[in-house]
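An overview of the molecular structure
Okay, here's what each chain looks like letter by letter:
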Amino acid sequence: MNRLFRWLALGLVLICLGQLCACGTSSWRKGGVPGTKPYTVRGKTYYPLKSAHGFVEEGIASWYGPGFHGKTTASGERFNQYAITAAHKILPLDTKVRVTNLSNGRSLIVRINDRGPFVEDRVIDLSKACAQRLGVIGAGTARVRIQSLSGIPEIKDDGDVLGDYYVQVGAFGIKDNAQGLIRTLTAAGYAGRLIYGNNNLWNVQVGPWPDTAKAKLMLAVLKRIYPHAFVVGGGKD
């Protein structure tokens with residue numbers, strides 16, 4: 001009888017150890033890693049940020065595509081190499097970031113839905129579609145800047161806002177370039193307008209806000225991405 005109890009006790013210990021090991025090495029590719037919980041890959045533990053507010057990073061971007069197309073991401077979604085998504089080691093899942101290729105100036109707003117890349121000198125793994133739009137496909141890697149859009153208030157253009165204060169984020173001599181920035185802002189969920197001003201340029205402005213205090217609050221956030229942004233009001237440009 002004592003031998004039976006010893007075997008039962010040993011079995012319980014082994015089961016517990018097995019469960020502990022499984023918790024420490026849950027598969028990030030199978031959605032086993034919640035958005036902000038620590039996880040372990042190849043013996044290294046990563047601690048995702050609780051918030052992406054103010055996050056800025058520069059480093060090497062790589063891309064992944066055909067070999068992972070259709071597989072489950074850390075967010076639980078199916079990886080689609082043609083979607084505008086990316087993998088990052090510590091940003092909260094579903095964070096939106098602006099990725100700028102520092103070699104050619106191209107930028108794109110990307111949603112983080114996966115974990116990686118697990119290579120020391122790389123900071124983000126872009127989907128194939130992102131890599132194509134940013135000009136990374138040919139070389140395979142590129143130096144980029146990553147800027148989180150977390151903390152930027154979402155502006156809804158519902159026709160009921162009477163304010164006339166805006167934050168100007170860009171001015172262009174070519175209208176198509178200004179419209180491109182408008183599309184970028186719209187994709188990120190922010191209302192913008194295009195005004196041809198006294199400066200003989202196409203001015204891209206975000207807003208409106210009912211007073212300068214609210215406009216300046218947004219200005220402080222947008223300056224992280226558009227350093228030359230400033231507040232305009234009363235129909236000025």
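What counts as what
- Residues numbered from 1 in each chain as written.
- Predicted model: local features only at pLDDT ≥ 70, side-chain atom pairs only at ≥ 80, totals over all residues.
- Heavy atoms only, no water.
- Helix = DSSP H or I, 4+ residues; strand = E, 2+ residues; numbered from the N terminus.
- Buried < 20%, exposed > 50% of the residue type's maximum accessible area, 1.4 Å probe, protein only.
- Contact = heavy atoms within 4.5 Å.
- Areas by Shrake-Rupley, 256 points an atom, 1.4 Å probe, with all protein chains shown as cover.
- Pairing = 2+ DSSP bridges.
- Axes fitted to C-alpha atoms, helices over the stretch in contact; angles between N-to-C directions.
- Core = buried A, V, L, I, M, F, W, Y, C linked by side-chain atoms within 4.5 Å.
- Arc of directions from axis to C-beta.
- Polar contact = N/O pair within 3.5 Å; in protein donor to acceptor, adjacent residues only side chain to side chain.
- Salt bridge = Lys/Arg side-chain N within 4 Å of Asp/Glu carboxyl O.

So, on to the overall build of the protein. Each helix and strand in the protein was counted, giving 4 helices and 12 strands. With 237 residues in all, the protein has 38% of them scored as buried. Looking at the protein alone, contacts between residues at least 24 apart form 71% of all its contacts between residues at least 6 apart. For the protein, the computed accessible surface area is about 13000 Å², with 56% contributed by carbon and sulfur atoms.

Turning our eyes to something else, we now look at the sheet that holds strand β12 (residues 230-233). In spatial order, the strands read β10-β11-β9-β12; together these 4 strands make up an open sheet with antiparallel pairing. Where the open sheet ends on each side, the last strands, each with one partner, are β10 (192-196) and β12. Averaged over all pairs of adjacent strands, the angle between strand axes in this sheet comes to 40 degrees, irrespective of strand direction. Against the sheet, helix α4 (residues 212-222) touches β9 (165-172), β11 (202-209) and β12, its axis set at about 40 degrees to β9.

Nonpolar side chains tend to gather and get buried jointly when the protein is soluble and globular. V99, I124, L126 and I146 are the most contacted members of the largest nonpolar core, which has 22 residues in total. Elements with a minimum of two residues in this core: β5 (96-101), β6 (107-114), β7 (122-127), α2 (128-134) and β8 (142-148). Formed by 19 residues, the second largest nonpolar core is a distinct cluster that contains I109, V206, A215 and L219.

Within the sequence span of α4, burial applies to A215, M218, L219, V221 and L222. On an axial view of α4, the arc spanned by its buried residues comes to 160 degrees, and they lie on one face. Among the exposed residues of α4, those oriented more than 90 degrees off its buried face are A213, K216, L217 and A220. Packed against the buried residues of α4 are β9, β11 and β12. Capping the start of α4, D211 holds a side-chain oxygen 3.2 Å from the backbone nitrogen of A213, two or three residues further along.

The next point concerns the pattern of salt bridges. Close approach of charged atoms allows side chains with opposite charge to pair. Overall, the coordinates contain 5 salt bridges when judged by the stated rule. For E58, the salt bridge identified is with R145, shortest N-O distance 3.1 Å. Of this pair, E58 sits in strand β3 (residues 56-64) while R145 is found in strand β8, placing the two residues 87 residues apart along the sequence. The class of E58 is partly exposed, set by a relative accessible area of 40%. Since its relative accessible area comes to 28%, R145 is described here as partly exposed. D211 is the salt-bridge partner of K214, the closest N and O atoms lying 3.3 Å from each other.

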